[in-house]
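# Topology and contacts: notes
Spelled out from the first residue to the last, the chains are:
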Amino acid sequence: MSTTPVVIGATAKHTATIIFLHGLGDTGHGWASAMERIRAPYMKVICPTAATMPVTLNNGFQMPSWFDLKTLDASGPEDDEGIKKATNSIHSLIEQEEALGIASNRIAIGGFSQGGALALYSALTYPKPLACVIGLSCWLPLHKTFPAAVKGNKDTPFLLCHGDCDPIVPYKWGQLSSSVMKQFLKSVEFRTYRGLLHSSSEEEMADMKTFVSNVVKPL
């Protein structure tokens, strides 16, 4: 990754980490304060920023993007190579935390929109157990490669959140991704937010905070 992640240190003894990935065109700063509000004192927060690249969907305009988005058609072509390359960089971030002494099952990963899609893919292709996975207003990329592509985290709790008025990533994409994932994962919770567009809300943040604190308890 070309840019330095936003890192918010734990305010107590650091025993857990949340890695959260922003949406298309955003940076790590876009989600840092929201993550700071939902984390417990023993959790460190890492909000990396995607490299800037031309995005096909936006007429080749350059912006921070985890991988190229070619279309918003569910059956359209996907940036297979780009998704896998971005996944490797997220796996490296997880491994850096493990090298600091944080066990993989004390590391939560999540993201919004394109970042949420990458978080889901990265978690399912990571061989070691993670604490939990959160996908906001997102979808499962390369969904036809699953469940064969799964390398781990079949028993890890997943929380998927989606607004039912999302004009960018259709609500039905979230529903479809959830039903696909439920076929091969033990714990997938899908939460709907009435009237929510392609954004987050206080209610969603509160749900996320509850979910993370229930799974990643103090040591």
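Residues numbered from 1 in each chain as written. Predicted model: local features only at pLDDT ≥ 70, side-chain atom pairs only at ≥ 80, totals over all residues. Heavy atoms only, no water.

Going by what an unreviewed UniProt entry lists, the protein chain is known as palmitoyl-protein hydrolase and is assigned to Bemisia tabaci. The protein chain has a UniProt comment under Sequence similarities (unreviewed entry) that states "Belongs to the AB hydrolase superfamily. AB hydrolase 2 family." The record in UniProt for the protein chain states the following under Subcellular location (unreviewed entry): "Cytoplasm". (UniProt positions renumbered as here; feature names shortened; annotations may be inferred.)

## Details of the side chain of Asn153
Here Asn153 shows up in the loop between strand S7 (132–136) and strand S8 (158–163). Classification of Asn153 as buried rests on a relative accessible area of 6%. Of the polar contacts made by the side chain of Asn153, one reaches the backbone oxygen of Tyr126; its length is 3.3 Å. At 3.1 Å, the side chain of Asn153 forms a polar contact with the backbone oxygen of Lys128. Leaving out residues up to four positions away in the same chain, Asn153 has contacts with Ala123, Tyr126, Lys128, Pro129, Leu130, Phe158 and Leu185. (Helix = DSSP H or I, 4+ residues; strand = E, 2+ residues; numbered from the N terminus. Buried < 20%, exposed > 50% of the residue type's maximum accessible area, 1.4 Å probe, protein only. Polar contact = N/O pair within 3.5 Å; in protein donor to acceptor, adjacent residues only side chain to side chain. Contact = heavy atoms within 4.5 Å.)

## Looking at the sheet that holds S8
Spatial ordering of the open sheet is given by S1-S3-S2-S6-S7-S8-S9, a layout of seven strands whose pairing is mixed. Looking at which strands have only one partner, the edges of the open sheet turn out to be strand S1 (6–8) and strand S9 (188–193). In this sheet, neighbouring strand axes are inclined to one another by 15 degrees on average, regardless of whether the strands run parallel or antiparallel. Two elements, strand S6 (residues 107–112) and S7, share five bridges in a ladder whose sense is parallel. Bridge pairing links Phe112 to Leu136 in S7. Strands in contact with helix H4 (residues 171–182) are S8 and S9; relative to S9, the strand with the most contacts, it is inclined by about 165 degrees. (Pairing = 2+ DSSP bridges. Axes fitted to C-alpha atoms, helices over the stretch in contact; angles between N-to-C directions.)

## Thoughts on empty space enclosed by the protein
Throughout the structure, instances matching the rule amount to one cavity of 30 Å³ or more. When its volume is computed, the largest cavity comes out at roughly 40 Å³. Looking at the lining of the largest cavity, the elements with two or more residues in it are S8 and H4. Ranked by residue count, the leading element in the lining of the largest cavity is S8, at three residues. Class assignment for the residues of the lining of the largest cavity results in six nonpolar, five polar and no charged. (1 Å grid on protein atoms, 1.4 Å probe; cavity = no way out; pocket = protein on both sides within 12 Å on 5 of 7 lines; lining within 4 Å. Points joined across faces, edges and corners; volume = space filled by probe spheres on them. Nonpolar A, V, L, I, M, F, W, Y, C, P; charged D, E, K, R; others polar.)

## Digging into the nonpolar core
Within soluble globular proteins, side chains that are nonpolar tend to cluster in buried spots. Phe158 and Met181 are the most contacted members of the largest nonpolar core, which totals 42 residues. For this core, the elements supplying multiple residues, two or more each, are strand S2 (16–21), helix H2 (80–99), S6, helix H3 (114–124), S8 and H4. When residues in this core are grouped by element, the largest group, seven residues, is from H3. The residues contacting Met181, other than those within four sequence positions of it, are Leu120, Leu140, Phe158, Leu160 and Val188. Counting residues in hydrophobic clusters, the runner-up holds 30 residues, among them Met43, Ala108, Cys132 and Val216. (Core = buried A, V, L, I, M, F, W, Y, C linked by side-chain atoms within 4.5 Å.)

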